[in-house]
Amino acid sequence: MKIKLNFWIDVAIFSIFLIAMEPGASGISIHEWLTTAAVAVLIVHFVLHWDWFMKLTSRFFVKLLHSSRLNYLLSIALFLGFITLIVSGFAISEKVIPALGIEMAGRGAWKRIHDLSANLTLLIIAVHIALRWDWLTAAFVKIFIAPFAKEKKIENPVLVEEDGI
Ligand code: HEM
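These figures come from a predicted structure and were not determined experimentally.

**Q** I'd love a proper account of the packing of aromatic side chains, names of residues and values included.
**A** Tallied over the entire structure, the rule returns nine aromatic pairs. Look at Phe 7 and Trp 8: their rings are 5.3 Å apart centre to centre, the planes differ by 85 degrees, and that puts the pair in the edge-to-face class. Judged by its relative accessible area of 6%, Phe 7 falls in the buried class. A ring pair is formed by Phe 17 and Phe 82, whose centres lie 5.9 Å apart and whose planes are at 85 degrees; its orientation type is edge-to-face. Of the two residues, Phe 17 is situated in helix α1 (residues 2-20) and Phe 82 in helix α5 (residues 68-91); the sequence distance between them amounts to 65 residues.

**Q** With reference to specific residues and values, describe helix α4 (residues 50-60).
**A** Residues Trp 52, Leu 56 and Phe 60 constitute the buried set of α4. Down the axis of α4, the buried side of the element spans an arc of 70 degrees, and every buried residue falls inside it. Where α4 is buried, its residues meet α5.

**Q** So what about the site of the ligand? Which residues, and what values?
**A** Not every one of the 20 residues close to the ligand is listed here, only the nearest: His 31, Gly 89, Arg 107, Lys 111 and His 114. Between Arg 107 and the ligand, the recorded distance is 3.0 Å, taken from a side-chain N or O atom to an oxygen atom. Between an oxygen atom of the ligand and a side-chain N or O atom of Asp 115, the distance comes to 3.2 Å. Breaking the shell around the ligand down by element, the ones donating at least two residues are α1, α3 (28-48), α5 and α7 (110-131). Ranked by residues supplied to the shell around the ligand, first place goes to α3 with five residues. Residues that form the shell around the ligand fall into these classes: ten nonpolar, five polar and five charged.

**Q** Any details on the nonpolar core? Residues and values, ideally.
**A** Within the largest apolar cluster, twelve residues are counted, these being Ile 9, Ile 13, Phe 17, Leu 42, Leu 48, Leu 74, Leu 78, Phe 82, Leu 85, Ala 118, Ile 124 and Ile 125. Every element with two or more residues in this core is listed here: α1, α3, α5 and α7. Element by element, the count of residues in this core is highest for α5, at four residues. Leave out the neighbours within four places in its chain, and Leu 74 touches Ile 124, Val 127, His 128 and Leu 131. Ile 3, Phe 7, Ala 139 and Leu 159 belong to the second largest nonpolar core, which has seven residues in total.

**Q** Help me get a handle on the packing of α4 against α5, residues and values and all.
**A** Remark: α4 packs on α5, axes separated minimally by 11 Å, with the N-to-C direction vectors making an angle of 120 degrees. On the basis of the axis angle, α4 is oblique to α5. In terms of crossing hand, the pair formed by α4 and α5 is left-handed. For the pair formed by α4 and α5, the contact residues are Trp 52, Phe 53, Leu 56, Thr 57 and Phe 60 on the first element and Ser 68, Arg 69, Asn 71, Tyr 72, Leu 73, Ser 75 and Ile 76 on the second. Looking at the contact of α4 with α5 residue by residue, the classes come out as seven nonpolar, four polar and one charged.

**Q** So, the environment of Tyr 72: which residues are in play, and what are the values?
**A** For Tyr 72, the position within the fold is in helix α5. Spatially, the C-alpha atom of Tyr 72 lies 8.7 Å from that of Phe 60, the residues being twelve residues apart in sequence. Non-local contacts of Tyr 72, meaning those with residues more than four positions away in its chain, are made with Trp 52, Phe 53, Leu 56, Thr 57 and Phe 60.

Each value, and the rule that gives it
- Residues numbered from 1 in each chain as written.
- Predicted model: local features only at pLDDT ≥ 70, side-chain atom pairs only at ≥ 80, totals over all residues.
- Heavy atoms only, no water.
- Phe/Tyr/Trp six-rings, centres within 6.5 Å; stacked < 30°, edge-to-face > 60°.
- Buried < 20%, exposed > 50% of the residue type's maximum accessible area, 1.4 Å probe, protein only.
- Helix = DSSP H or I, 4+ residues; strand = E, 2+ residues; numbered from the N terminus.
- Arc of directions from axis to C-beta.
- Contact = heavy atoms within 4.5 Å.
- Near = heavy atom within 4 Å.
- Polar contact = N/O pair within 3.5 Å; in protein donor to acceptor, adjacent residues only side chain to side chain.
- Nonpolar A, V, L, I, M, F, W, Y, C, P; charged D, E, K, R; others polar.
- Core = buried A, V, L, I, M, F, W, Y, C linked by side-chain atoms within 4.5 Å.
- Axes fitted to C-alpha atoms, helices over the stretch in contact; angles between N-to-C directions.
- Parallel < 35°, antiparallel > 145°, perpendicular 65-115°, else oblique.
- Left-handed = near helix turned anticlockwise from the far one by under 90°.

What follows is the structure, given as structure tokens:
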């Protein structure tokens, strides 16, 4: 159940991110309201991975070399990327923030920060997905292929391994 939920949340975040990268195509209203709503989805994603994060935090300083280290650092970078994106997005907002009756003083450097953090976050997402590729493909097989297979499938260890959550 958790695998399915995680999988669909990941798909939703990735799809929304791709739409958000092209505000010219979606229009600024969809861009702003969709990404504002996505904040809730992101929070669910963080909550579902909180145990994994805390486990790695405690291990980080104990064992100097383990395979999840890059994954861990990348998750922090991704978190900071999203925070920067959302804060700078609200700072340059033309729809959501004015709809709340708040007038922003001026955009200043926020537009460049928004643009830069969008491109950097996209890059981090690509590596994040590459590092989780085994989990993603195993979850895909479990959700879409295994239910139709005749033989009873043995659970893929990637899905039970906690680091792969
Ligand atoms: C996943 C989150 C987000 C991503 C990936 C993202 C990405 C982008 C990108 C790539 C641009 C085009 C920048 C350019 O043309 O130079 C842009 C523009 C913009 N974004 Fe976002 N954005 C996100 C969240 C937000 C949020 C939460 C808001 C405000 C509620 C927002 C408001 C804007 C505005 C107003 C522009 C137009 C800036 C301009 O051209 O003057 N964005 N965004």
